Amino acid sequence: MLEDLEIDDVVFHYGGPYVRAVSRVVASATDWPRPPGYPYGPRESEGVNDDGKLVRVELISSGFEIHRDEVAQLISHGTPGPLSQYGVPREAYISPLTVGDAEALLAAVGISVPNRTLPGRPHEDWIPGSGPTDAEAIARIRKEQGALRAFLLDGSEGAPCAICGLETPAAFLVAGHIVPRSELEDSERRRFDSVAILVCLFGCDALFENGYVVVDSGGKVAAGRATNDPTIASEISQRLGTPSSGWSLATSAMFATHAAQHAST
């Protein structure tokens, strides 16, 4: 089930009789050993069940409690969800939720459900932190994103992808931050000329966001994180050495940070 989680999937964390936190997936599942001291389940044995999966998440909200009885009133019962047909939590490490059930839980803790403002970047509307996301904050982020996209397109109906160089209609371009927006200071977010690029939805968006390709100090596309997947490796090789239209003295520092983040992954 962990292998099925995708980037930007929303995760509700349950502990004791309460849902206590909400997060979003920021990286796909990877092989990972059992952490020291992590308890074994009733059907697990030491030294036998020590190979597992790790999924990294980013916190959206915490510090609240929704009791399981309230949860049972908010979401549907029965498989494949987390509740039995009688509304009792099932013994499962992770269970899927329908969109309607997820939205009901988000509403219960006061988290507004953001719409996609930029294709491929729904998570830019989430505001990670210890408190719930509010509509005013989401509106502010959307306004910023609209200005960012307009700045990068500069009135054009299309532009070259900053990774593959393909001249692409605006509808198939993503205005994305080079380094995740959540890691930028407010003053950095305002410097549109140094923090963002246009990348196409024909593979470059996913390859760059996940660090499989980076832009080196000479402004050319280079390999980032390692992969054993032949399909991903082939897509990477097709882009290597391409001069990035998004590289400049202004963006070079952000590209260097992005490359360093994925150099050893």
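Residues numbered from 1 in each chain as written. Predicted model: local features only at pLDDT ≥ 70, side-chain atom pairs only at ≥ 80, totals over all residues. Heavy atoms only, no water.

Novice: Looking at this structure, how should I read the overall build of the protein chain?
Specialist: Broken down by element type, the protein chain carries 8 helices and 11 strands. Taking all 265 residues of the protein chain together, 37% fall into the buried category. Taking the intrachain contacts of the protein chain between residues at least 6 apart in sequence as the baseline, contacts between residues at least 24 apart amount to 56%. Put simply, the protein chain shows about 14600 Å² of open surface, and 53% of that area lies on carbon and sulfur atoms. (Helix = DSSP H or I, 4+ residues; strand = E, 2+ residues; numbered from the N terminus. Buried < 20%, exposed > 50% of the residue type's maximum accessible area, 1.4 Å probe, protein only. Contact = heavy atoms within 4.5 Å. Areas by Shrake-Rupley, 256 points an atom, 1.4 Å probe, with all protein chains shown as cover.)

Novice: Whenever I open this one, the environment of Leu198 confuses me. Can you help?
Specialist: Considering the arrangement of structural elements, one finds Leu198 in strand β9 (residues 196-200). Distance from Leu198 to Ala170, taken between C-alpha atoms, is 9.1 Å for residues 28 residues apart in sequence. Residue contacts for Leu198: discarding those within four places in its chain leaves Leu152, Leu153, Ala159, Pro160, Cys161, Ala162, Leu173, Val174 and Ala175.

Novice: What exactly am I supposed to notice about the side chain of Ser194 here?
Specialist: Within the element layout of this structure, Ser194 appears in helix α5 (residues 192-195). On the basis of relative accessible area, Ser194 is assigned to the buried category, the value being 9%.

Novice: Sorry, what's going on with the sheet that holds strand β1 (residues 10-15) here?
Specialist: Sheet strands line up and pair through hydrogen bonds in the backbone, either parallel or antiparallel. Here 3 strands make up an open sheet; going across it, the order is β1-β2-β5 and the pairing antiparallel. Strands with a single pairing partner mark the edges of an open sheet, and in this sheet they are β1 and β5 (57-67). Shown here is a sheet whose adjacent strand axes are inclined to one another by a mean of 25°, direction ignored. Two strands pair when backbone bridges link them, and strand β2 (residues 18-25) and β5 are joined in this way by 7 bridges, in the antiparallel orientation. Of the residues in β5, the one forming a bridge with Val25 is Val57. Here helix α2 (residues 99-108) sits on the sheet and contacts β1, β2 and β5; the angle it forms with β1, its principal contact strand, is near 65°. (Pairing = 2+ DSSP bridges. Axes fitted to C-alpha atoms, helices over the stretch in contact; angles between N-to-C directions.)

Novice: Where do I start with the pattern of salt bridges in this structure?
Specialist: When their charged atoms lie close together, side chains carrying opposite charge are able to pair. Within this structure, the stated rule accounts for 3 salt bridges. A salt bridge links Arg20 to Glu65; the shortest N-O distance between them is 3.0 Å. Taken together, the residues span a long stretch of sequence, with Arg20 in strand β2 and Glu65 in strand β5 at a distance of 45 residues. A salt bridge links Glu235 to Arg239; its shortest N-O distance comes to 2.9 Å. You can see Glu235 and its partner Arg239 sitting in helix α7 (residues 230-239), 4 residues apart, about one turn around the helix. (Salt bridge = Lys/Arg side-chain N within 4 Å of Asp/Glu carboxyl O.)

Novice: Sorry, what's going on with the side chain of Asn210 here?
Specialist: Positionally, Asn210 belongs in the loop between α6 (204-209) and β10 (213-215). At a separation of 2.8 Å, a polar atom in the side chain of Asn210 contacts the main-chain carbonyl oxygen of Ala206. Apart from residues lying up to four places away in sequence, Asn210 is in contact with Ile7, Arg225 and His262. (Polar contact = N/O pair within 3.5 Å; in protein donor to acceptor, adjacent residues only side chain to side chain.)

Novice: It is not clear to me how the nonpolar core should be interpreted in this structure. Could you clarify?
Specialist: Burial of nonpolar side chains together is a common tendency in soluble globular proteins. One finds Ile163, Ile197, Val199, Phe208 and Val213 to be the most contacted residues of the largest nonpolar core, which totals 30 residues. Those elements that provide at least two residues to this core are α3 (135-153), β8 (173-177), α5, β9, α6, β10 and α8 (252-262). Ranked by residues supplied to this core, first place goes to β9 with 5 residues. Non-local contacts of Val213, meaning those with residues more than four positions away in its chain, are made with Ile163, Leu207, Phe208, Val221, Ala222, Gly224, Ile236 and His258. (Core = buried A, V, L, I, M, F, W, Y, C linked by side-chain atoms within 4.5 Å.)

Novice: Looking at this structure, how should I read α8?
Specialist: One full turn of an α-helix is made of 3.6 residues, so residues set three or four places apart face in the same direction. Those residues of α8 not exposed but buried are Met254, Phe255, His258 and His262. The buried residues of α8 all sit within an arc of 100° when viewed along its axis, so they share a single face. In α8, the exposed positions angled more than 90 degrees off the buried face are occupied by Ala253 and Ala260. On its buried side, α8 packs onto α4 (186-189), α5, β9, α6 and β10. (Arc of directions from axis to C-beta.)

Novice: I tried to follow the environment of His262 on my own but got confused; where do I start?
Specialist: Counting through the fold element by element, His262 comes out in helix α8. Distance from His262 to Arg225, taken between C-alpha atoms, is 5.3 Å for residues 37 residues apart in sequence. With residues up to four places along the chain from it excluded, the contact list for His262 reads Glu209, Asn210, Gly211, Gly224 and Arg225.

These results come straight from atomic positions and should not be treated as a statement about function.
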